[in-house]
Amino acid sequence: MAKLDRNGVAIHYEVHGSGPTILLSHGYSSTSRMWDDQVAALKDRYQVVVWDFRGHGESDYPKDGAQYSEALTVGDMLALLDLVGAKKAIVAGLSLGGYMSLAFNASHPDRVRALMLFDTGPGFKKDEARAKWNETAHQRAADFDARGLTALNSSDEVRLTRHRDATGLAGSARGMLAQENDRVIQSLDRITVPTLVLVGANDTNFLAATDYMAAKIKGSTKVVIPDAGHAANLHQPALFNQAVEAFLAGLPAA
């Protein structure tokens, strides 16, 4: 299995197909396996890159908490694009993967051809709201410390996964799920690339965030997938893939 060495931290990745590059990032406590249906649907026309966040799946689980952060995750994404020879990519993700896709665009807009944001949010402008989110993230970390992998929830994108132990998930909750500032949400009105904002109709925790992002990102395309929850790609794969392929078909030539 392919590994990217990031200063001693091995990052698991897979490259499928050829063509314009799509980088797909998974949700917190899931892995690249959640994208299998999308890989199958897209690899005949695109180079689809999937990967496991540090602390997840087949990637390394650093013991040092400082090895988990938004900046390091964005750096992992940049290193993956460099590795596969993609000067620009369609950068996409679900939940935490969507947030990190926005963070990547805020740091490296010259490397982004388009964005696809699935069942995700852009963070918080207000310190109090961010502190409440971060408190929940730290509670999840403490739960993983205490109960190990039995603390995993039973959501569909998580049930697909295999983690060696819970230490990486705890580190990721503290360093990657928790947010330091409002940098990402403040970047929305500066996004200039075509953007798909998609959400499952039943993903009630992210409906308002989807509306907010669609309003802030100029010219974005908003899609609501019926009878789908947080893992819209797993609940309605045919409708999800149809929305993604319609968006991709409308992109300007690379």
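Residues numbered from 1 in each chain as written. Predicted model: local features only at pLDDT ≥ 70, side-chain atom pairs only at ≥ 80, totals over all residues. Heavy atoms only, no water.

S.K.: Kindly report on the sheet that holds strand β8 (residues 221–225), identifying the contributing residues and their values.
M.R.: Spatially, β1-β2-β4-β3-β5-β6-β7-β8 is the arrangement adopted by the 8 strands of the open sheet, whose pairing is mixed. At either margin of the open sheet sits one strand with a lone partner, and together these are β1 (3–6) and β8. Across this sheet, the average inter-strand angle for adjacent strands is 20°, counted without regard to direction. Relative to strand β5 (residues 89–94), strand β3 (residues 21–25) runs parallel, the two being bridged by 4 bridges. (Pairing = 2+ DSSP bridges. Helix = DSSP H or I, 4+ residues; strand = E, 2+ residues; numbered from the N terminus. Axes fitted to C-alpha atoms, helices over the stretch in contact; angles between N-to-C directions.)

S.K.: How would you sum up unusual backbone geometry? Please name residues and give values.
M.R.: Of all residues except glycine, most have a negative phi; of all peptide bonds, most are trans. In this model, N7 sits at a positive phi of 55°, which is unusual for a non-glycine residue. Among the secondary structure elements, N7 is positioned in the loop between β1 and β2 (9–16). Overall, the relative accessible area of 72% leaves N7 in the exposed class. One non-glycine residue with positive phi stands out, namely D227, at about 50°. For D227, the location among the structural elements is in the loop between β8 and α9 (232–235). Note on D227: relative accessible area 60%, which makes it exposed. (Buried < 20%, exposed > 50% of the residue type's maximum accessible area, 1.4 Å probe, protein only.)

S.K.: Break down the packing of helix α4 (residues 127–147) against helix α6 (residues 167–177) for me, with residues and values.
M.R.: Orientation of α4 relative to α6, taken along the N-to-C sense of each, is 170°, at an axis distance of 8 Å. Relative to α6, α4 is oriented roughly antiparallel. As α4 packs across α6, the resulting crossing turns out to be left-handed. On α6, the residues touching W133, A137, H138, R140, A141, A142, F144 and D145 of α4 are L169, A170, A173, R174 and L177. Taken together, the residues of the contact of α4 with α6 break down into 9 nonpolar, 1 polar and 3 charged. (Parallel < 35°, antiparallel > 145°, perpendicular 65-115°, else oblique. Left-handed = near helix turned anticlockwise from the far one by under 90°. Contact = heavy atoms within 4.5 Å. Nonpolar A, V, L, I, M, F, W, Y, C, P; charged D, E, K, R; others polar.)

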